[in-house]
Amino acid sequence: MKNELNAASKYLIYTYGCQMNVRDSETIAGLLENVGYVNGTLEDAELVVFNTCSVRHSAENKVYGKLGEVLALRRKRRPDMLIALGGCMAQLPEVRQRLKKMGVDVVFGTHNVHELPALIDMAQASQKPVCQVWEHEGTIIEPLPSIRKPGFSAFVNIMYGCNNFCSYCIVPYTRGRERSRLPSEIIREIKDLAAAGYREITLLGQNVNSYGRGLSEEVDFADLLLMVNNLEGIERIRFMTSHPKDISNKLLYVLAEGGKLCEHIHVPLQSGSNLILDRMNRGYSREHYLELVAKIREYIPGVAISSDLIVGFPGETEEDYLDTLDMVEKIRFDAAFTFMYSARSGTRAASMEKQIDIDDKKERLARLNKLQYQIATEINHQLEGRIDEVLVEGISKTDPEKLSARTRTNRIINFSGQKDLIGKLINVKITKAGTFSLFGEVI
Ligand code: SAH
Ligand code: SF4
Ligand code: F3S
């Protein structure tokens, strides 16, 4: 641990988990740069921050793996390096125990990100590890500085936390109770983003459909979308995540307007079995979900529907699992994120009977993926020959010779084109389809 911060101290942030964490890391970068840090690499960073995720065991393992590497580097050649860890893992007492033993200098939680610079100062002044985590959420602290990733697309939080307590999920424990930001704060932020050249925004919340509950003014998510829709400069609006039990007809009416509101909705099904849905505490049945999908497709022509699915929830029989496959076949999701159930200590499902064997989970996941990939590929093939409006995001990650863009339905499309197209909305013809992306040409 080094003694004092000089103006040229460098920081590096490792970010794990969901968009919430990506956004929080932008805030962490803003807070650090405000007190004089500049962005660095592992080679020259005096401060390494881990912004962590605990949604599944595998997410935690990734963090422990990288943390081990960085700790070893500090031991071998970089005794001055300061290591801080925040995010969802830091909210869990048993994780904090382990971090203490490992030698992490600063531990901070999801509710007190703003305190990070002060905690770093404390650790440096005392030459002792500092751990400060708020057990519960406070009021929303804003505005906080942030350094956004460069580009044309930005994340905007509209709410924090979750009240749903799905029985498998750690998020309500790590992110606290649901609270919504004031519409005026959200609008101010988006206006600033538009002025800074951002063209697309994604509104973020664990369950955006319950936006506005608890605010003194009467406002719901559909109202908020309409307000954002009126802002000049923003050309595309996306949002996630929608909970199937809370999607209102009013919201669908608003989305049917199209325009800036993109035709994509992420609405996690989790399981196709009513028994499992009930034990997951999801609050809807497969019949409700099927009706909802039909309604979404009726209101929003050309809409893409994506989902999250979990296999191997405690007590999931082959029959329950086949119900999930059946829903996937019936609905034909445009995309789906598929997960093996991972027991999270402290959640209700972790202590349920009949935990499923890992080999069975793997086998169920493989079968599900095979089916889902086949469906996604078929749907994508049907798009060949079509002309779509896309927002050009930058150079393709898979082929540096090509540009990468996103369709309104959230598909990635790669094509040859001049770099000055980056940041623009253009039309491309879809020439070839893959499972996860498309290829096209500028027209
Ligand atoms: N709030 C969002 C997403 C939360 S986490 C929602 O409600 O949809 C993202 C996804 O991770 C979830 O949708 C779920 O499919 C998955 N997930 C959450 N906890 C999990 C666990 N313990 N094991 C496996 N997958 C999990
Ligand atoms: Fe987790 Fe359920 Fe809340 Fe999503 S809605 S964050 S899955 S508890
Ligand atoms: Fe992970 Fe926390 Fe997001 S557990 S998925 S980083 S809310």
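As the structure is a computational prediction, the values presented were derived from the model and not from experiment.

Student: Requested: an account of the site of ligand 3, with residues and values cited.
Tutor: Near ligand 3, the surroundings consist of C18, N21, C53, S54, V55, C88, V171, R175 and Q206. For the shell around ligand 3, the residue count by class is 5 nonpolar, 3 polar and 1 charged. In terms of domain composition, the shell around ligand 3 takes at least three residues from each of domain 1 (10–132) and domain 2 (153–380).

Student: Give a description of the domain arrangement of the protein that names residues and reports values.
Tutor: One frequently used descriptor of interface size is the decrease in accessible area upon assembly of the parts. Per the domain assignment, the segments making up the protein are domain 1 (10–132), domain 2 (153–380) and domain 3 (387–442). Here the C-alpha centroids of domain 2 and domain 3 sit 25 Å apart. Counting from both sides, the interface comprises 20 residues of domain 2 and, opposite them, 17 residues of domain 3. In total, domain 2 and domain 3 occlude about 1400 Å² of area from one another, counting both sides; carbon and sulfur atoms represent 46% of this. When the buried area of domain 2 at its contact with domain 3 is split by residue, R236, R238 and N380 rank highest and sum to 41% of it. Where domain 2 meets domain 3, there are 3 salt bridges. Where R411 meets D334, a salt bridge forms, and the shortest distance between an N and an O atom there is 2.5 Å.

Student: Help me get a handle on the sheet that holds strand 7 (residues 153–157), residues and values and all.
Tutor: Judged by pairing direction, the sheet is parallel, and its 3 strands sit side by side in the order 7-10-11 without closing on themselves. Where the open sheet ends on each side, the last strands, each with one partner, are strand 7 and strand 11 (236–240). The average angle at which neighbouring strand axes cross in this sheet is 25°, direction not considered. By the bridge criterion, 5 bridges tie strand 7 to strand 10 (residues 200–204) in an arrangement that is parallel. Looking at strand 10, one finds that S153 is bridged to E200. Across the face of the sheet, helix 6 (residues 183–195) comes into contact with strand 7 and strand 10 while running at roughly 165° to strand 7. Taken strand by strand, helix 7 (residues 221–229) contacts strand 10 and strand 11, and its axis lies near 155° from that of strand 11.

Student: Help me get a handle on the nonpolar core, residues and values and all.
Tutor: Ranked by internal contacts, the top residues of the largest apolar core, which has 58 residues, are L203, F221 and L225. Each residue touching F221, except ones within four places of it in the same chain, is listed here: I158, L203, V208, N209, Y211, F239 and L251. Core analysis: the second largest hydrophobic core is formed by 26 residues, C53, I83, A90 and V107 among them.

Student: Summarise the site of ligand 1; cite the residues concerned and give the values.
Tutor: Near ligand 1 there are 15 residues, and of these Q206, P268, Q270, D308 and S342 occur at the shortest range. A distance of 3.1 Å is found between an oxygen atom of ligand 1 and a side-chain nitrogen or oxygen belonging to R56. Taking 530 Å² as the accessible area of ligand 1 by itself, protein coverage stands at 89%. For the shell around ligand 1, the secondary structure elements donating two or more residues are strand 13 (304–311) and strand 14 (335–340). Along the lines of polarity and charge, the residues of the shell around ligand 1 split into 7 nonpolar, 4 polar and 4 charged.

Student: Explain the packing of aromatic side chains to me, using residue names and the numbers behind them.
Tutor: Using the criterion set out here, one finds 9 aromatic pairs in the structure. Taking the centre distance of 5.4 Å and the plane angle of 85° together, the rings of F165 and Y173 count as edge-to-face. The exposure class assigned to F165 is partly exposed, which follows from its relative accessible area of 29%. Residue classification places Y173 among the partly exposed residues on the basis of a relative accessible area of 36%. Ring geometry for Y373 and F436: centres 5.1 Å apart, planes at 80°, overall edge-to-face. With Y373 in helix 12 (residues 358–381) and F436 in the loop between strand 18 (425–433) and strand 19 (437–442), this residue pair connects regions lying 63 residues apart in the sequence. Here Y373 falls in the partly exposed class, since its relative accessible area comes to 34%. The exposure class of F436 is exposed, given its relative accessible area of 62%.

What counts and how
- Residues numbered from 1 in each chain as written.
- Chains lettered and ligands numbered in written order.
- Predicted model: local features only at pLDDT ≥ 70, side-chain atom pairs only at ≥ 80, totals over all residues.
- Heavy atoms only, no water.
- Near = heavy atom within 4 Å.
- Nonpolar A, V, L, I, M, F, W, Y, C, P; charged D, E, K, R; others polar.
- Domains from an automatic or database assignment.
- Contact = heavy atoms within 4.5 Å.
- Buried area = accessible area lost by both parts, 1.4 Å probe.
- Salt bridge = Lys/Arg side-chain N within 4 Å of Asp/Glu carboxyl O.
- Pairing = 2+ DSSP bridges.
- Helix = DSSP H or I, 4+ residues; strand = E, 2+ residues; numbered from the N terminus.
- Axes fitted to C-alpha atoms, helices over the stretch in contact; angles between N-to-C directions.
- Core = buried A, V, L, I, M, F, W, Y, C linked by side-chain atoms within 4.5 Å.
- Buried < 20%, exposed > 50% of the residue type's maximum accessible area, 1.4 Å probe, protein only.
- Polar contact = N/O pair within 3.5 Å; in protein donor to acceptor, adjacent residues only side chain to side chain.
- Areas by Shrake-Rupley, 256 points an atom, 1.4 Å probe, with all protein chains shown as cover.
- Phe/Tyr/Trp six-rings, centres within 6.5 Å; stacked < 30°, edge-to-face > 60°.

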